[in-house]
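Tertiary structure, described
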Amino acid sequence: MSIDKAGQLIDFVKECALTHGATPHTDIYVRQGADGPMQRIAQVKMMRDDRGVAIILETSMVLLS
């Protein structure tokens, strides 16, 4: 699934919670590309500029085996 807007991300997380049993304790990871290293979202921030608001997902490296 390609997500490029905040509303799509919110809807996807909501679907995971309602359909697949995700909870507030479910980890969220990000990965650059199909084979990149997994990273955990460390913080979510908002950035405002002359174009409006953007959501920034800051990550921290995670080593998964």
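Below is a short write-up of the structure. (Residues numbered from 1 in each chain as written. Predicted model: local features only at pLDDT ≥ 70, side-chain atom pairs only at ≥ 80, totals over all residues. Heavy atoms only, no water.)

1. Description of the overall build of the protein
A tally of helices and strands in the protein yields 1 helix and 3 strands. Listing every helix and strand of the protein by position from the N terminus yields α-β-β-β. Judged by the C-alpha coordinates and their principal axes, the protein covers about 40 × 30 × 20 Å. Within the span of the protein, comprising 65 residues, buried residues form 5% of the whole. The long-range fraction of contacts in the protein, counting pairs at least 24 apart against all pairs at least 6 apart in sequence, stands at 13%. Accessible surface for the protein amounts to roughly 5,800 Å². Of this, 55% is attributable to carbon and sulfur atoms. The protein carries 7 positive and 8 negative side-chain charges, and their two centres are separated by 4 Å. (Helix = DSSP H or I, 4+ residues; strand = E, 2+ residues; numbered from the N terminus. Buried < 20%, exposed > 50% of the residue type's maximum accessible area, 1.4 Å probe, protein only. Contact = heavy atoms within 4.5 Å. Areas by Shrake-Rupley, 256 points an atom, 1.4 Å probe, with all protein chains shown as cover. Lys, Arg positive; Asp, Glu negative; His and termini not counted. Charge placed at Lys NZ, Arg CZ, Asp CG, Glu CD.)

2. Structural notes on helix 1 (residues 6-20)
An ideal rise of 1.5 Å per residue puts 21 Å on 15 residues; helix 1 measures up with 21 Å between its terminal C-alpha atoms. Just past helix 1, the residue Gly21 takes up positive phi, approximately 85°. (Expected span 1.5 Å × (residues − 1).)

3. Some remarks on the sheet that holds strand 1 (residues 29-31)
Pairing is antiparallel in the open sheet, where 3 strands are placed in the order 1-2-3. Only two strands of the sheet have a single partner each, and these edge strands are strand 1 and strand 3 (52-61). Strand-to-strand twist in this sheet, taken as the mean axis angle between neighbours without regard to direction, amounts to 55°. In this structure, strand 2 (residues 38-49) lies alongside strand 3, joined through 10 bridges in antiparallel fashion. Residue pairing for strand 3: Met47 is matched across the bridge by Ala54. (Pairing = 2+ DSSP bridges. Axes fitted to C-alpha atoms, helices over the stretch in contact; angles between N-to-C directions.)

4. Describing the environment of Leu57
Positionally, Leu57 belongs in strand 3. Separated by 16 residues in the primary sequence, Leu57 and Ile41 place their C-alpha atoms 6.3 Å from one another. Apart from residues no more than four positions distant in its own chain, Leu57 is found in contact with Ile41, Gln43 and Val44.

5. As for a nonpolar patch on the surface
A cluster of nonpolar side chains, Ile3, Leu9, Phe12, Val13, Ile28, Val44, Ile55 and Leu57, forms an exposed patch at the surface whose accessible area comes to about 640 Å². Listed by contribution, the elements that provide at least two residues to the nonpolar patch are helix 1 and strand 3. Counting residues per element, the nonpolar patch draws most heavily on helix 1, which supplies 3 residues. With relative accessibility at 39%, the residue Val13 sits in the partly exposed group. (Patch = residues over 30% accessible without salt bridge, like charges linked within 9 Å, V, L, I, M, F, W, Y side chains within 5 Å. Salt bridge = Lys/Arg side-chain N within 4 Å of Asp/Glu carboxyl O.)

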